[in-house]
Amino acid sequence: MNFFRVINNLFHFNRTNWKAVTLCLLTALVFWFFNALNKDYSTNLRFSVNFQFDEERYVPVEPLPEVVFMNVSGNGWDLLRKSMGVNLPDMNIPLERPTEVKKIVGSTLPALLAGQLGSLQINHVVTDTLYLTLDPKEKRKVKVAVDPGGFTFAEGFDRLSPIVVLPDSISLEGPKSVLDELPDSILLDINEEGIRNDFREEVEVTTPRGALLKRAPEKVEVIFEVVEWVNVNKSIKLVVENAPNNMRLNLAEDSVQCLVQVPKSQLEDLDETVAQQVAVLDLKGAKKGDKRLLPKVQGLPINTRLIQVDSVSIKLY
């Protein structure tokens, strides 16, 4: 009877009793846990992996594997620390012929890594295969140009000068196979709209698979002049050259109509050079008959663009 009374008193709701019970259970649990960690266990661990090769001569074409998973055995305390990343060693894999090694089968890794794990023992490698792609590191110089279709101008404005790129070539360093795939020149994309002023900007040079390539320099300067243009209709004197001596020429017009485009700031130059402006009709080698020929306009001031010129009707007989 007294025995049952003791048991009943122990589990009877009493704050002091439950504190004692809880403390006993926690003490037993801790004792059991510490004792269990003194035994040996097996588990899967994630190890960082480093590949050792001459980085001055070779470079990865694809990102190299960064981790390998292995099932290892060891003391419980040691496994606990390493599962938390404490004193977990990196695995180093030497590559004597980097370009020849395309893959490393997981079953071959224990022989390479066993001495790097300290007290841990490798049971098996969980990672099936490590794939590698390395190339010899090379340098190549390529031209840099600008795609004129990549930008637009405000209405009435256009480029006056040629596009200048400084420097006009860059040096690229990286995997040989990637460099071999590149064209002889790289086109820069300038995504600008409504340009109405002189252009002078630094533009980054981008290449296919650019993350694998080291550029020197990484940016180039692009420069060109921009002006407002004006369309002008002009009547230009017609001049005939090399007319055949044995033929007669019937020419209905003594001038030809032209459409030219000139920078607005240079309109006066168009009027000042009227005396030098001629439309030359070259009849060298011409034969008898009715013809319609296109004259060649000469003497226009610098920067003037010839947009259109009328053809001329003649008759040789």
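The structure displayed is predicted, hence computed values, not measured ones.

Enquirer: Summarise the pattern of salt bridges; cite the residues concerned and give the values.
Expert: Summed over all chains, the structure comprises nine salt bridges. With a closest N to O distance of 3.3 Å, Arg140 and Asp184 form a salt bridge. Here Arg140 is found in strand S8 (residues 134–146), whereas its partner Asp184 is found in the loop between helix H5 (176–181) and strand S13 (185–188), with 44 residues between them in sequence. For Asp184, a relative accessible area of 64% puts it in the exposed group.

Enquirer: Run through the environment of Gly74, naming residues and quoting values.
Expert: Take Gly74: it is sitting in strand S3 (residues 67–75). Residues Gly74 and Ser42 lie 32 residues apart in sequence; the distance between their C-alpha atoms is 6.6 Å.

Enquirer: Go over the pairing of strand S17 (residues 219–224), please, and point to the residues and values.
Expert: As paired elements, strand S11 (residues 164–166) and S17 share three bridges and run antiparallel to each other. Across the sheet, the residue bridging to Leu166 is Glu221, located in S17. Here six bridges tie strand S15 (residues 199–204) to S17, and the two strands are oriented antiparallel to one another. Each bridged residue has a counterpart across the sheet, and for Glu202 the counterpart in S17 is Glu221.

Enquirer: Kindly report on the sheet that holds strand S4 (residues 91–94), identifying the contributing residues and their values.
Expert: The strand order across the open sheet built from four strands is S4-S1-S3-S6, with neighbouring strands paired in mixed fashion. Either end of the sheet is taken by a strand with one partner, and the two such strands are S4 and strand S6 (121–125). If you compare each strand with its neighbour and ignore which way they point, the axes differ by 40 degrees on average. Bridging between strand S1 (residues 40–52) and S3 involves nine bridges; their strand directions are antiparallel. What sits directly across from Ser48, in S3, is Val67.

Enquirer: Tell me what's going on with the sheet that holds S15, and back it up with residues and numbers.
Expert: An order of S11-S17-S15 is seen for the three strands of this open sheet, with the pairing classed as antiparallel. Edge strands, defined here as strands with exactly one partner in the open sheet, are S11 and S15. Each strand axis lies, on average, 25 degrees off the axis of its neighbour in the sheet, ignoring direction.

Enquirer: Just give me the short version of the environment of Val312, but keep the residues and values in it.
Expert: With respect to the element layout, Val312 can be found in strand S25 (residues 312–316). Each C-alpha atom, one on Val312 and one on Leu294, is 6.2 Å from the other, the two residues being 18 residues apart in sequence.

Enquirer: Quick rundown of the side chain of Gln277? Include the residues and the values.
Expert: With respect to the helices and strands, the residue Gln277 is situated in the loop between helix H6 (267–272) and strand S21 (278–282). The contacts of Gln277, once residues within four sequence positions are left out, are Lys234, Ile236, Lys237, Leu270, Gln298, Gly299, Leu300 and Pro301.

Enquirer: Please set out the nonpolar core residue by residue, giving values where relevant.
Expert: Counting 25 residues, the largest nonpolar core has Leu172, Leu188 and Val222 as the members making the most contacts within it. Of all the secondary-structure elements, those providing two or more residues to this core are S8, strand S12 (169–175), H5, S13, S15 and S17. In this structure, Leu188 is in contact with Val144, Ala145, Val146, Asp147, Val203, Glu204, Val205, Val220 and Val222, ignoring residues within four places of it in sequence. Counting residues in each nonpolar core, the second largest holds 23 residues, with Leu79, Met91, Ile93 and Leu95 among its members.

Rules behind the numbers
Residues numbered from 1 in each chain as written. Predicted model: local features only at pLDDT ≥ 70, side-chain atom pairs only at ≥ 80, totals over all residues. Heavy atoms only, no water. Salt bridge = Lys/Arg side-chain N within 4 Å of Asp/Glu carboxyl O. Helix = DSSP H or I, 4+ residues; strand = E, 2+ residues; numbered from the N terminus. Buried < 20%, exposed > 50% of the residue type's maximum accessible area, 1.4 Å probe, protein only. Pairing = 2+ DSSP bridges. Axes fitted to C-alpha atoms, helices over the stretch in contact; angles between N-to-C directions. Contact = heavy atoms within 4.5 Å. Core = buried A, V, L, I, M, F, W, Y, C linked by side-chain atoms within 4.5 Å.

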